[in-house]
Amino acid sequence: MSIAGHEHHDTKRGYIFAGSAYFIWGFLPLYMKALSHIPAWEVVPHRIIWSLPISAAVVWAMGQTNIVKSALVTKRVLGMTLLTAGLVSLNWGTYVWAIINDRVLEAALGYYINPLFSIFLASVLIKENLSRAQWFAIGLASLAVAILTYESGGLPWVSLILSVTWGFYAYFKRTLPVAATPGFLLEIIVLTPPSLLLLLWFDWHGKSHFLDTGWVDVMLLLGMGVFTAVPLMLYALGAKGLRLSTIAIMQYSAPTVVFLLAVFVFKEPFSDGKLLAFVLIWAALAVYTYSLIKLRYR
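Report follows, based on the coordinates. Just so you know, these numbers come straight off a predicted model, no measurement behind them. (Residues numbered from 1 in each chain as written. Predicted model: local features only at pLDDT ≥ 70, side-chain atom pairs only at ≥ 80, totals over all residues. Heavy atoms only, no water.)

A short note on the overall build of the chain
Along its length, the chain carries 13 helices and zero strands. Secondary structure of the chain in N-to-C order comes out as α-α-α-α-α-α-α-α-α-α-α-α-α. Compactness check: the chain gives a C-alpha radius of gyration of 19 Å against a globular reference of 19 Å for 298 residues, within 12% of the reference. Taken over the C-alpha atoms alone, the chain extends approximately 55 × 45 × 35 Å along its principal axes. Counting across all 298 residues of the chain, residues that qualify as buried make up 51%. In the chain, the proportion of contacts linking residues at least 24 apart, taken out of those at least 6 apart, comes to 86%. Computed over 20 positive and 13 negative side-chain charges, the inter-centroid distance for the chain is 14 Å. (Helix = DSSP H or I, 4+ residues; strand = E, 2+ residues; numbered from the N terminus. Rg over C-alpha atoms; globule rule 2.2 N^0.38 Å. Buried < 20%, exposed > 50% of the residue type's maximum accessible area, 1.4 Å probe, protein only. Contact = heavy atoms within 4.5 Å. Lys, Arg positive; Asp, Glu negative; His and termini not counted. Charge placed at Lys NZ, Arg CZ, Asp CG, Glu CD.)

Here is the structure:
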């Protein structure tokens, strides 16, 4: 979940906005656990639909509605928006499924792996030169995935889908010539029609949890819009006031909180094999972070 800061120094405003976003993302599983009786593919459409009025209001308040209107009639921008919207919806769907199906550890691992996958992606797609330390970090992460694959008898697909979808989302998002907040609104706009159709299907088949199973479910599903739109926009604002290396370090706070929730609150099984894999991931992130800090103060 990394976006480069646009300033050459860190600002208090950047820390507050980005820190607030990571705080919300870190503790979001607690909220999602309350929705564990609802299928993930019913939760995600609500997450999209109720983000629409919030993001639209923010874009309107920022005076950027013309950007959205122009983008909707520009084929290249609309096409790229459809791609990024598809990637982020798959990421959200996988994350929600993981949380409500007691795979929170895998979700944490996915977002730990993400920055390492992103630098690997940059090396492959845009031919960025990686340092030996960065290649070593990628090697450690690959070894961790191999250990988890051996222990469980299959790939940790939840972690890999989360890492890969967010990595490609961030990569393609860089090529979208639209600012972060109106860009998010664009994605929500293109995702709203299929989301409405999916919710109508649930209602048609008598499987809807909205308005049919009590006010608690209604409030929880409405709240998903707040917990989706607000942290993303806080993050976009915060990233503008922080350097890339600062964001790179701060981004580990959210999966760390998720990891702690999985082990100590949700009591998910944590074998010696998983412990070894996480130690390797943490070592990889320490090496990667050191390489960024070294570059920052060169």
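There is more to say, and it comes next.
Considerations on the side chain of Asp-217
One can find Asp-217 in helix α10 (residues 215-239). Lys-33 provides the closest opposite charge to the buried, unpaired Asp-217, separated from it by 15 Å. Residues in contact with Asp-217, not counting those within four places in the same chain, are His-37, Ile-38 and His-209. (Salt bridge = Lys/Arg side-chain N within 4 Å of Asp/Glu carboxyl O.)

Some words on the packing of aromatic side chains
One pass over the full model with this rule turns up 21 aromatic pairs. With centroids separated by 5.6 Å and ring planes inclined at 55 degrees, the aromatic side chains of Trp-25 and Tyr-235 adopt a geometry described as tilted. Separated by 210 residues along the polypeptide, Trp-25 in helix α1 (residues 12-33) and Tyr-235 in helix α10 bring together distant segments of the chain. Just as Trp-25 is buried, Tyr-235 falls in that class too. Note on Tyr-31 and Phe-227: the rings are 4.6 Å apart at their centroids and 45 degrees apart in plane angle, and the pair reads as tilted. One end of the pair, Tyr-31, is in helix α1; the other, Phe-227, is in helix α10, with 196 residues separating them in the sequence. Three or more aromatic residues joined by ring pairs make a cluster, and in this case those are Tyr-112, Phe-259, Phe-270, Phe-278 and Trp-282. Across the ring face of Phe-266, the terminal group of Lys-33 is positioned such that the distance to the ring centre comes to 4.8 Å. (Phe/Tyr/Trp six-rings, centres within 6.5 Å; stacked < 30°, edge-to-face > 60°. Lys NZ or Arg CZ within 6 Å of the ring centre and 35° of its normal.)

Focus on the nonpolar core
Counting residues in hydrophobic clusters, the biggest one holds 81 residues, and the most contacted among them are Tyr-22, Leu-35, Tyr-95, Leu-116, Ile-281 and Tyr-288. For Tyr-95, the contacting residues outside a window of four places in its chain are Trp-25, Leu-28, Pro-29, Met-32, Ala-107, Tyr-111, Leu-162 and Val-258. Core analysis: the next-biggest nonpolar cluster, separate from the first, contains nine residues, Val-68, Leu-176, Leu-185 and Leu-186 among them. (Core = buried A, V, L, I, M, F, W, Y, C linked by side-chain atoms within 4.5 Å.)

Some points on the pattern of salt bridges
Following the criterion strictly, the structure yields three salt bridges and no others. Notably, a salt bridge pairs Lys-173 with Glu-187, separated by 2.8 Å at the nearest N-O pair. Linking Lys-173 in helix α8 (residues 157-174) with Glu-187 in helix α9 (residues 180-204), this pair joins segments that are 14 residues apart in sequence. Accessibility assignment for this pair places Lys-173 and Glu-187 in one class, buried.

So, the environment of Ile-119
Along the polypeptide, Ile-119 turns up in helix α6 (residues 104-125). Here Ile-119 falls in the buried class, since its relative accessible area comes to 11%. For the pair Ile-119 and Asn-129, spaced 10 residues apart in sequence, the C-alpha to C-alpha distance is 9.5 Å. When neighbours within four sequence positions are excluded, Ile-119 is seen to be in contact with Leu-130, Gln-134, Ile-138 and Tyr-288.

Regarding the packing of α9 against α10
Packed helices, taken two at a time, are described by the angle between their axes plus the distance between the axes. The N-to-C vectors of α9 and α10 enclose an angle of 150 degrees; their axes lie 9 Å apart at closest approach. Taken as axis vectors, α9 and α10 run roughly antiparallel relative to one another. The hand of the α9/α10 crossing is right-handed. Touching Ala-180, Thr-181 and Phe-184 of α9 are Thr-228, Ala-229, Leu-232, Met-233 and Ala-236, all from α10. Considering only residue class, the contact of α9 with α10 consists of six nonpolar, two polar and no charged. (Axes fitted to C-alpha atoms, helices over the stretch in contact; angles between N-to-C directions. Parallel < 35°, antiparallel > 145°, perpendicular 65-115°, else oblique. Left-handed = near helix turned anticlockwise from the far one by under 90°. Nonpolar A, V, L, I, M, F, W, Y, C, P; charged D, E, K, R; others polar.)

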